[in-house]
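# Understanding the architecture of this molecule
Residues per chain are reported as follows:
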Amino acid sequence: MEHDDTPAGRLLTRREMLGLMGAALLGRSLPAGAQERPSCVARPQQMEGPFFVDTGLNRSDIRSDPGTGAVRPGQTLQVMFRVSRVSGGGCAPLPGAHVELWQCDAAGVYSGVREGGDAAGQKFLRGYQVTDNAGTARFTTIYPGWYPGRTVHLHFMIRSARSAAVREEFTSQLYFDDATTDRVHALAPYAGRGPRTVKNGGDGLYRQGGAQLLLAVREHGQGLAGTFDVGLQA
């Protein structure tokens, strides 16, 4: 199965227009478990891609399909988003933000889309969380696999409301260090697919700011974990 969400021409989608008219999203990647105050550094928005499905699944563990209960195999990955409101040169935790996460499985397949084949009617590796009083949203997922035309990545979207009339939406992607991906993909079930065809430097989207969207991960129990700080401009 082939996927290609590499854009042709400019990356100016409807969601990007909303992002430009609304607040800019800021953020940075931190080691998992870091508790320091967020440093509000601007990060690039990237395209949503063709595989977003608004499933309405409010859940922290997104590995399974809710219909069958079957869990997608792969290296466990804990992802924590820390969302802040940026105002007056400082950052404060932002509760109530809607953080959506979606991705392909170890075989490069997305659920819920026509290109997913037998997975078209499923909803694995999709879900959202609402940030708590500390501005955090936590997910349990798996390290993503690869598919032709793209480097390894996760998709995320953050929705928030500054008021009843003003709503913000920001969409982007998270990437991984190539050496980390190579180590993970040498393990089952990833290894059975052979070497991936595109690494970070060969990905057109990654070359447009992906280095600022790297998710730093560390060993965590039997899996990996990473934290990503983002801030919504007041």
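Just above, that's the structure.
Residues numbered from 1 in each chain as written. Predicted model: local features only at pLDDT ≥ 70, side-chain atom pairs only at ≥ 80, totals over all residues. Heavy atoms only, no water.

### Focus on the environment of serine 60
Basically, it comes down to this: The helix count covers DSSP runs of H or I at least four residues long, the strand count covers runs of E at least two residues long, and both are numbered beginning at the N terminus. Here the term buried applies to any residue with accessible area under 20% of the maximum for its type, exposed to any over 50%, and partly exposed to those in between, with areas from a 1.4 Å probe on protein chains only.
Mapped onto the fold, serine 60 is located in the loop between strand S1 (25-30) and strand S2 (76-87). Residue class for serine 60 comes out partly exposed when judged on its relative accessible area of 28%.

### A look at helix H2 (residues 178-185)
The following threshold applies: Note that the arc is defined by the directions from the helix axis to the C-beta atoms. A 3.5 Å cut-off defines polar contacts: any pair of N or O atoms within that distance qualifies, except that in protein one atom must be a possible hydrogen donor and the other a possible acceptor, and neighbouring residues in sequence count only when both atoms are side-chain atoms.
Listing the buried residues of H2 in full gives Thr180, Thr181, Val184 and His185. Each buried residue of H2 sits inside an arc of 125° when the element is viewed along its axis, so together they form one side. At the N-terminal end of H2, a side-chain oxygen is found 3.0 Å from the backbone nitrogen of alanine 179, two or three residues along, and the residue is aspartate 177.

### Quick word on the sheet that holds strand S7 (residues 153-161)
As a reminder, the rule being used: We treat two strands as partners when DSSP finds at least two bridges between them. Note on method: axes are straight lines fitted to C-alpha atoms, helices fitted across the in-contact stretch only, with angles between N-to-C directions ranging 0 to 180 degrees.
The strand order across the open sheet built from four strands is S5-S4-S7-S8, with neighbouring strands paired in antiparallel fashion. Strands with a single pairing partner mark the edges of an open sheet, and in this sheet they are strand S5 (126-130) and strand S8 (167-175). Strand after strand, the sheet turns through a mean of 20° between neighbouring axes, direction not considered. Across nine bridges, S7 lies against S8 in antiparallel orientation. Bridging from a neighbouring strand, alanine 161 pairs with arginine 167 of S8.

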